[in-house]
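Chains, contacts and geometry: an overview
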Amino acid sequence: MKHTTLPLVAKALGEKYDIQVQISGDQAYTNGRIINLPSMPDSKEAALLARGYIDHESAHIRFTDFSVKSSSTMLKNLTNILEDIRIEKMMGAKYPGCRSNLKDLAEHLKEKGSFTPSLQNPPQTLMAWLCARGRLTLNQDFSDILAMASNSVSGFLGTGYQGLLNLTERIPNLVSTRDSQSMAEEIMRLIQDEMKQQEQERKQPESQTSKNSGSADSSDSTGSSGQGEGNQAEDGESSKGNQSVQPDQGADDSSSGGNNTSEAEGGDSSPEATGGTSSSSKSGASPGEKSDGNPEALREILDCDVGGFGDVGEILKQELMTEGEAAGMNGGVFLPPEATLRTFPIEIHETRRHTALLRARLSGLIQASRLRRRHARRTGNKIDNHVVHRLALHDTRLFLHQEEKTEVNTAIMILVDRSGSMQHQKIEVASKTAFVVAEALDSIPGCFAAVAAFPVGNNDGVASLVRFGERPSPTRFGMSAGGGTPLAQALYWAGVELLKREEPRKILLAVTDGEPDDRRTSVRAIRWLERVGIEPMGLGICEESVRSLFPTHGVVYRVEELPSALFGMLQETLTQ
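Sequence positions are assigned chain by chain, starting from 1 and proceeding in written order. Predicted model: local features are reported for residues with pLDDT of at least 70 only, side-chain atom pairs are reported and counted for 80 or more only, and whole-chain, interface and lining totals are derived from all residues. Side-chain metrics rest on all non-hydrogen atoms present in the structure, leaving aside hydrogens and water.

1. Quick notes on the overall build of the protein
- Assigned secondary structure in the protein consists of 19 helices and twelve strands.
- The buried share of the protein, taken over its 576 residues, is 49%. Helix and strand definitions here come from DSSP, where helices need a minimum of 4 consecutive H or I residues and strands a minimum of 2 consecutive E residues; each element is numbered from the N-terminal end. Burial classes: relative accessible area under 20% of the type maximum marks a residue as buried, over 50% as exposed, and values in between as partly exposed (1.4 Å probe, protein chains only).

2. Let's talk about the pairing of strand β9 (residues 461–466)
- Burial runs high along β9: five of the six residues are buried.
- Note on pairing: DSSP must find at least two bridges between two strands before they are called paired. In this structure, strand β4 (residues 338–339) lies alongside β9, joined through two bridges in parallel fashion. Pairing of E338 across the sheet is with V462, part of β9.
- Where strand β8 (residues 447–456) meets β9, four bridges bridge the pair, whose relative direction is antiparallel. Residue pairing for β9: A453 is matched across the bridge by A463.

3. Topic: the pattern of salt bridges
- Throughout this description, the term salt bridge denotes a Lys or Arg side-chain nitrogen within 4 Å of a carboxyl oxygen of Asp or Glu. According to the stated counting rule, one finds 20 salt bridges in the structure shown.
- In this structure, K317 engages E314 in a salt bridge whose closest nitrogen and oxygen atoms are separated by 3.4 Å. Of this pair, K317 and E314 both sit in helix α14 (residues 312–329), three residues apart, roughly one helical turn.
- For K317, a relative accessible area of 21% translates into the label partly exposed.
- For E543, the salt bridge goes to K426, with nearest N and O atoms at 3.1 Å. Of this pair, E543 sits in the loop between β11 (534–541) and β12 (552–556) while K426 sits in helix α16 (residues 425–442), placing them 117 residues apart in sequence.
- The buried category is assigned to K426, whose relative accessible area is 14%.
- A single network of salt bridges, built from pairs that share partners, joins E45, K112 and E319.

4. Points about the sheet that holds strand β7 (residues 410–417)
- Read across the sheet, seven strands follow the order β4-β9-β8-β7-β10-β11-β12 without closing on themselves; strand pairing throughout is mixed. The open sheet has two edge strands, β4 and β12, and neither has a second partner.
- Where β7 meets β8, eight bridges bridge the pair, whose relative direction is parallel. Among the inter-strand pairings, V416 is bridged to a residue of β8, identified as A453.
- Sitting on the sheet, α16 touches β7, β8, β10 (505–512), β11 and β12, and the angle it makes with β7 is about 170°.
- Here helix α18 (residues 519–531) sits on the sheet and contacts β10 and β11; the angle it forms with β11, its principal contact strand, is near 140°. Contact criterion: two residues are considered in contact whenever any of their non-hydrogen atoms come within 4.5 Å of each other. Only C-alpha atoms enter the line fits that serve as axes; for helices the fit covers just the stretch in contact. Angles between N-to-C directions range over 0 to 180 degrees.

5. Overview of unusual backbone geometry
- Of the consecutive residues F454 and P455, the connecting peptide bond is found in the cis state with omega at -5°.
- Inspection of the secondary structure puts P455 in strand β8.
- Although it is not a glycine, N139 adopts a positive phi angle of roughly 65°.
- Note on placement: N139 falls in the loop between α5 (122–135) and α6 (143–157).
- A positive phi angle, close to 65°, is found at H424, a residue other than glycine.
- Considering the arrangement of structural elements, one finds H424 in the loop between β7 and α16.
- Taking relative accessible area as the criterion, H424 reaches 67% and is therefore assigned exposed.

6. Observations concerning the pairing of β10
- The buried fraction of β10 amounts to eight of the eight residues, a majority that puts the element mostly inside the structure.
- Sheet analysis places β7 next to β10, joined by seven bridges and oriented parallel. In the sheet register, M413 faces β10, and the bridge partner there is L508.
- Bridge analysis of β10 against β11 gives seven bridges, and the strand direction is parallel. The residue of β11 that forms the bridge with A510 is G538.
- With strands facing away from the observer, any crossover in which the path from the first strand over the helix to the second runs clockwise is taken as right-handed. Between β10 and its parallel partner β11, the chain crosses via α18, and the hand of that crossover is right-handed.

7. Quick look at the side chain of E57
- One can find E57 in helix α2 (residues 44–63).
- Only four residue types enter the charge count: Lys and Arg as positive, Asp and Glu as negative, with His and the chain ends excluded. K317 provides the closest opposite charge to the buried, salt-bridge-free E57, at an N-O distance of 6.3 Å.
- Leave out the neighbours within four places in its chain, and E57 touches T30, I35 and G313.

8. Focus: the environment of A450
- Relative to the helices and strands, A450 resides in strand β8.
- With relative accessibility at 2%, the residue A450 sits in the buried group.
- Along the backbone, A450 and A411 are 39 residues apart, and their C-alpha atoms lie at a distance of 8.1 Å.
- Apart from the residues within four sequence positions on either side, A450 is in contact with I412, M413, I414, V466, R467 and F468.

9. A word on the packing of aromatic side chains
- Ring geometry is summarised as follows: Phe, Tyr and Trp rings, the Trp one being its six-membered ring, pair when their centres sit within 6.5 Å, and such pairs are stacked at plane angles under 30 degrees, edge-to-face over 60 and tilted between the two. If you walk through the whole model with that rule in mind, you get four aromatic pairs.
- Here W129 and Y161 contribute two aromatic rings whose centre-to-centre distance is 5.9 Å and whose plane-to-plane angle is 65°, an arrangement assigned as edge-to-face. Of the two residues, W129 sits in helix α5 while Y161 sits in helix α7 (residues 160–168), which places them 32 residues apart along the sequence.
- We classify Y161 as buried; its relative accessible area is 15%.
- Judged by centre distance (5.4 Å) and plane angle (75°), the ring pair of F435 and F477 falls under edge-to-face.

10. Brief notes about helix α17 (residues 487–499)
- Here the expected length of a helix is defined as 1.5 Å per residue gap, with one fewer gap than residues. Under the 1.5 Å per step criterion, the end-to-end length of α17 is 18 Å for 13 residues, consistent within 8% with the ideal 18 Å.
- Here α17 lies mainly inside the structure; eleven of its 13 residues are buried.
- Listed as buried for α17 are L487, A488, A490, L491, Y492, W493, A494, G495, V496, E497 and L498.

11. Structural notes on the packing of α6 against α7
- Where α6 meets α7, the axes come as close as 7 Å, and the angle between the chain directions of the two elements is 120°. Classified by the interaxial angle, the pair formed by α6 and α7 is oblique. Across the interface between the two elements, S150, V153, S154 and L157 of α6 pack against G160, Y161 and L164 of α7.
- Note on residue categories: nonpolar means Ala, Val, Leu, Ile, Met, Phe, Trp, Tyr, Cys or Pro, charged means Asp, Glu, Lys or Arg, and polar means any other residue, Gly included. Class assignment of the residues belonging to the contact of α6 with α7 gives a composition of four nonpolar, three polar and no charged. Under this scheme an angle from 65 to 115 degrees is roughly perpendicular, one under 35 degrees roughly parallel, and one over 145 degrees roughly antiparallel; angles in between are oblique.

Bear in mind that shape data such as this cannot, by itself, settle questions of function.
Printed below as a string of structure tokens:
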């Protein structure tokens, strides 16, 4: 395949999902209605990126509620990760081929390092962990990313890590964008609660030390009868253990409970003792739980913007833009955007005479092609009474056989060149020719015609004058001429439109003076049309150049010459 075919096939692929795809510029984006791809080289990697982007963004357009807004950047980042997983699951269920495409895409991006976090970056590490955790539910192999990030995430979350594990068990149950945001909000609350608890626990040892010092001073000054040398000794031991001793405890109690666990079991409910017990139990309650955590890391997560890390759509945008830049530097063809052309009515009184003549000749041709040929043969299940006499001649061809010709089932795109070289007589002949052909074909059962003109707008647009299924109107065919002749781009655009059609026969008829801006690229476009099953034809307007461009061609200088020229071009094509 040549470098230009990929965006064309990608554009046709979008139609499968009822999504408008356009190829223009060097940017990849979607606005909720259309998907834009840059022109790309026809490499294996570019194909994977383009198809993956269409599948992924089509899933967003189909299944994402764009009215759901996030109140913070981190909430948006978390929601996007969860929403990507949810919509890809739904797209894969509706279109099984997408499941395979998206899996290949995700694993390709993973191999390129797009999901590999910097473990010194807590927000990025959490995103990588959440992405891996979710994508494992899509049967995508992200176990290595999950293993890489798990230690770091559990390290700064502490005991909150188990809560995060429990929360994300519900990822496969997400059914709406609101659900994705709700889970993201729960994750945010879990992080906020854990950060506050960790900060509180950090303050408690300082508070305990301060109160221990104050308790000892008070004991010395009051000379309480319950305190003796033994208690003073215990104060030293308690200080070493970072635990305070309560005034109502005796020497025996303290000597028998000189460790944290005994104090907790002793039922002391003072804030200092409770804090110490909580810290101690967290450090050794169960394997894998962290006592300290990292509140600074958690605060960084809450306040940080990860810049689209883990967001498949954002990753693909950057990758496709890189491919688009490479294609542009290598001379890649950019498909023109569809534009609007201001038209005016044409005089059809004389024109309709030619329409009637062409219609009559084409209709007669089509009718003849539908006639059934009958002949007798030696096998069959019905005897032909007209040939029974052959028995006397020992001819056993007695059985009736009818051969039915294939019905016409053809889509034809008529492409009108309105470049500067088509001014005056040429553009008048071309516009009337397009109308005559469209009206004649519209009257033939099984023929579906569309008409478009180029260039439009910034010298590279294409405007639809008649879409497939519409009846041609003379009010839409009057046009002026101006601009260059980007014939190759227009041929690619028309080819993509024809690829969307279900008719087995597809014909592209270019009405032009045959002098394109880039002849080499135009020849390449014509060859591509032939490879994908579209039959290119060129009708030259007052010029013979089409003879060296199109395999099937004709030339007219006046509208009156059209029936003969066009009939000769279509005669064999429509009756094959």
